[in-house]
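What follows is the residue order along each chain.
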Amino acid sequence: MTPTRALPERTLRDRTAVVGVGATPYWRRGESLPRTPLELAGTAVLAALDDAGLGVDDLDGFALYSMGFDTSLLAQWLGVPEVRFTAMTTGGGGGSAGSVGLAAAAVVGGMADVVVSVMTLQQSASRFGASFAPRGKAGAAYSAPPSPEGAFIQPSGLMGPGQMFAVLAQRHMHLYGTTREHFAEVAISTRANAVRRETSLMREPLTPGEYFGARMIADPLCLYDFCLECDGAVAVVTTSIERARDLRHPPAVIGGSAHGGAGRWGQAITWFGMPDEYFTSSGHRTVARRVYEMAGVVPADVDVALLYDHFSPMVLMQLEDYGFCGVGESGPFVAEGNIRWPGGRLPVNTHGGNLSEAYIIGMTHVKEAVEQLRGTAVNQVEGARVALVTGGPASIPVSALVLHR
Amino acid sequence: MSAEREEPTVRASGFGPPYPGVPPADVIRLTTNASTQPFWDAAAHHRLVVPRCTACGTFRMPPSPFCWHCRAQDVEWVEHDGRGEVYSFTVIRHAVIPDVRDALPFVACVVELPGTGGCRVIGDLVDVDPADARIGMAVELVWYDVRAGTSVPCFRPA
């Protein structure tokens, strides 16, 4: 790794590490009942602490995202001796990788020593697919509160994130000649990774025939361009680099983390007013630049990329925004087999991603990055030293995390 | 401050979808605030208006309390004829809530309004075979009178 610039005085670079990862099983939507989401969170936290060789007595911080959960009740249940940090990145799923950066900031800032980032999800009564549907309607129990801004979109019938990202995908196709075959390559390669893993909800290979035979949900997206709807929880534990060296596993060092985005990316798909120059992007360009600078790496240094894959075209746009190919060139890039494991230049979502392993709002991607750097991944990238993890595309913030051995 | 617009107690004749391919009226619920109310007041009279900063002339949509360019707050409401081009679109074929099932498919489109510095309006593209929808297609405004006092913009090929 060659630092791209001098290390600034204020930085997170290489001062913390992810030392433990844990998860519940993953279930199809609603099948985790009668467990509660908070119980799932507790199970994942305990598993992550145990993986690190730590216990509840060591835990003193929580770093959450996507509206999180009530840490007071979990701390009470688990008997955490003293909570010293409990905070959350704003926004939605875009904060997943950033929640680990938040944990690192808490540790570097001296506010806490052992911070857990956790996502728990139970989509039993409700579905994210109807996030922007009118409240009170059947199927829309999880819908966001109506807003004056939403009133400019909702009458069109755009009610779910997939429908909205489809609008970005359509324009990407128009501008750059991207095709459904390129989306299919993301879905099919991700599935190929998932089928080798016990934890995956999707264990059968996805064929081109099945992909192109699937029903269209929101053109140009078909069923297999959409992520799964799941229940489950994933937790990861961050502590100082000094403490990490004494723990059970080789540390996954946090080289850098960034979250945010250009202000006028803003509410993104829920306003569609993004400036023309980055309308057909993942909204990650500013975050990509910053996380690379902080970590002192360049795209060519990345051995494995765990890219937030709620909808397959958004993986393409992240490949562009993170500099693995030029803007508009992601279609041919994936068509050449570059994101495949094994053998691709940049294996992507070796764990099966949100599309085919489980959708725990991106936290499975962090877990996979850690396992890749430990050398214990099911679909191990040989000699992986640097892993990139992303959260979002979403409204601000989107986020990124660079981990290395 | 926001308020749900009043629900009709009596559906006057003439309300409802102008064409197939738009959501039924009862799933359209507009919430407004002080910044956005003038847009919807004008829409109820079939006038498309876009707020323009009186300090620097920058248009902004949706209406908001600050100019993103110069941070001034005052606006003037400029009427637009609603002719523009499809910037992008999707054909919604799956009902995420049961209420919209019978009205599918919708062609939800983003239309850029010429002369507004890139402001965009979102509405359904109607009176068109979804297979014929294209980015760059010239469109014109058509109003969907949802209920008394509430109309929302749609577009059709110009």
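All figures in this text were calculated on a predicted structure; none of them were measured in a lab. (Residues numbered from 1 in each chain as written. Chains lettered and ligands numbered in written order. Predicted model: local features only at pLDDT ≥ 70, side-chain atom pairs only at ≥ 80, totals over all residues.)

J.: Tell me about the overall build of chain B, residues and numbers included.
T.: When its secondary structure is counted, chain B shows one helix and nine strands. Helices (α) and strands (β) of chain B occur, in sequence order from the N terminus, as β-β-α-β-β-β-β-β-β-β. The C-alpha atoms of chain B give 16 Å as radius of gyration, which agrees with the globular expectation for 158 residues (15 Å, within 12%). Sequence separation of at least 24 residues holds for 60% of the intrachain contacts in chain B that already meet a minimum separation of 6. (Helix = DSSP H or I, 4+ residues; strand = E, 2+ residues; numbered from the N terminus. Rg over C-alpha atoms; globule rule 2.2 N^0.38 Å. Contact = placed C-beta atoms within 7 Å.)

J.: Before we move on, could you go through the overall build of chain A and cite the residues and values that matter?
T.: Secondary structure assignment for chain A yields 12 helices and 12 strands. Radius of gyration (C-alpha) of chain A: 20 Å, near the 22 Å computed for a compact globule of 405 residues. Projected onto its principal axes, the C-alpha coordinates of chain A cover approximately 50 × 50 × 40 Å. A burial count over chain A gives 63% of its 405 residues as buried. (Buried ≥ 20, exposed ≤ 12 C-beta atoms within 10 Å, placed from the backbone.)

J.: Go over the domain arrangement of chain A with me, naming the residues and quoting the values.
T.: How big an interface is tends to be stated in terms of accessible area lost as the parts join. All names here are of chain A. Domain annotation for chain A reports domain 1 (12-123 + 229-255) and domain 2 (160-228 + 258-391). Relative placement of domain 1 and domain 2: their C-alpha centres are 23 Å apart. Mapped by element, the contributors of at least two residues to the side of domain 1 that touches domain 2 are strand 1 (16-23), helix 3 (96-108), strand 5 (114-122), strand 8 (230-240) and strand 9 (252-260). Looking at the side of domain 1 that touches domain 2 residue by residue, the classes come out as 15 nonpolar, 11 polar and three charged. (Domains from an automatic or database assignment. Nonpolar A, V, L, I, M, F, W, Y, C, P; charged D, E, K, R; others polar.)

J.: Requested: an account of unusual backbone geometry, with residues and values cited.
T.: Residue and element names in this part refer to chain A. At the junction of Asp 219 and Pro 220, the peptide bond is cis and its omega measures out at 10° in the coordinates. Residue position: Pro 220 is located in the loop between strand 6 (216-219) and strand 7 (221-222). Of note, the bond from Trp 341 into Pro 342 is cis; its omega dihedral lies within 30 degrees of zero at -5°. Checked against the element boundaries, Pro 342 lands in the loop between helix 10 (330-335) and helix 11 (353-357). For Phe 272, which is not glycine, the phi dihedral falls at a positive 60°. Topologically, Phe 272 is positioned in the loop between strand 9 and helix 8 (285-295). C-beta crowding within 10 Å serves as the criterion here: with 24 such atoms nearby, Phe 272 is assigned to the buried category.

J.: Let's hear about the interface of chain A and chain B: which residues, and what values?
T.: Counting residues at the interface gives 37 residues for chain A, matched by 37 residues for chain B. Elements supplying a minimum of two residues to the side of chain A that touches chain B: helix 4 (161-176) and strand 6 of chain A. Here strand 6 of chain A pairs with strand 5 (residues 84-92) of chain B via two bridges, running antiparallel. Within strand 5 of chain B, the position partnered with Ala218(A) by the bridge is Ile92(B). (Pairing = 2+ DSSP bridges.)

J.: Provide a residue-level description of helix 5 (residues 180-194) of chain A, including the pertinent values.
T.: Residue and element names in this part refer to chain A. The end-to-end C-alpha distance of helix 5 is 21 Å, a good match for the 21 Å that 15 residues give at a rise of 1.5 Å each. Counting buried positions over the 15 residues of helix 5 gives 12, a clear majority of the element. All of the buried residues in helix 5 are His 182, Phe 183, Ala 184, Glu 185, Val 186, Ala 187, Ile 188, Ser 189, Thr 190, Arg 191, Asn 193 and Ala 194. Buried residues in helix 5 make contact with helix 6 (208-213), helix 9 (312-321), helix 10 and helix 11. (Expected span 1.5 Å × (residues − 1).)

J.: Any chance you could break down the environment of Leu201(A) for me, citing the residues and the numbers?
T.: Residue and element names in this part refer to chain A. Here Leu 201 shows up in the loop between helix 5 and helix 6. Judged by the 21 C-beta atoms lying within 10 Å of it, Leu 201 falls in the buried class. In this structure, the C-alpha to C-alpha distance between Leu 201 and Ala 358, residues 157 residues apart in sequence, is 6.2 Å. Dropping the residues within four chain positions of it, Leu 201 is found in contact with Tyr 26, Arg 28, Leu 228, Cys 230, Glu 357 and Ala 358.

J.: Explain the environment of Arg215(A) residue by residue, including any values.
T.: Residue and element names in this part refer to chain A. Take Arg 215: it is sitting in the loop between helix 6 and strand 6. In this structure, the C-alpha to C-alpha distance between Arg 215 and Phe 226, residues 11 residues apart in sequence, is 12 Å. Residues within four places of Arg 215 in sequence aside, it is in contact with Cys 222 and Leu 223.

J.: Before we move on, can you summarise the packing of helix 5 of chain A against helix 9 of chain A with the specific residues and values?
T.: Residues and elements named next belong to chain A. Close contact between helix 5 and helix 9 brings their axes to 8 Å; oriented N to C, the two are set at 95°. In terms of their interaxial angle, helix 5 and helix 9 are classed as roughly perpendicular. When helix 5 is examined against helix 9, the residues His 182, Phe 183, Val 186 and Ala 187 are found in contact with a partner set consisting of Ser 312, Pro 313, Val 315 and Leu 316. Residues belonging to the contact of helix 5 with helix 9 are distributed by class as follows: six nonpolar, two polar and no charged. (Axes fitted to C-alpha atoms, helices over the stretch in contact; angles between N-to-C directions. Parallel < 35°, antiparallel > 145°, perpendicular 65-115°, else oblique.)

J.: Could you give me a rundown of the packing of helix 4 of chain A against helix 9 of chain A, with the residues and numbers involved?
T.: Any two packed helices are characterised by how steeply their axes cross, that is the angle between the axes, and by the distance between the axes. Residue and element names in this part refer to chain A. One way to put it is that helix 4 packs onto helix 9 with a least axis distance of 9 Å and a crossing angle of 55°. Regarding the angle of helix 4 to helix 9, the classification is oblique. Helix 4 and helix 9 meet at a crossing whose hand is left-handed. Contact with helix 4, carried on its side by Phe 165, Ala 169 and His 172, involves Pro 313, Met 314 and Met 317 of helix 9 and no other residues of that element. Class assignment of the residues belonging to the contact of helix 4 with helix 9 gives a composition of five nonpolar, one polar and no charged. (Left-handed = near helix turned anticlockwise from the far one by under 90°.)

J.: Just give me the short version of the confidence of the model for chain B, but keep the residues and values in it.
T.: Residue and element names in this part refer to chain B. In this model, chain B carries a mean pLDDT of 92, and residues with pLDDT of at least 70 account for 92%. Between residues 5-12, whose pLDDT stays under 50, and residues either more than four places distant or in other chains, the model counts nine contacts. Overall fold confidence (pTM) sits at 0.95, and the ipTM for the predicted complex is 0.95. (pLDDT = per-residue confidence, 0-100.)

J.: How would you summarise the pairing of strand 8 of chain A if you had to cite specific residues and measurements?
T.: Residue and element names in this part refer to chain A. Among the 11 residues in strand 8, 10 count as buried, and that is most of the element. In terms of strand pairing, strand 1 meets strand 8 through seven bridges, oriented antiparallel. The residue of strand 8 that forms the bridge with Gly 22 is Ala 235. Here strand 2 (residues 27-28) runs beside strand 8; their pairing, made up of two bridges, is antiparallel. Bridge assignment links Arg 28 to a residue of strand 8, and that residue is Cys 230. Pairing between strand 5 and strand 8: nine bridges, direction antiparallel. Note on strand 8: the bridge partner recorded for Thr 120 is Ala 233.

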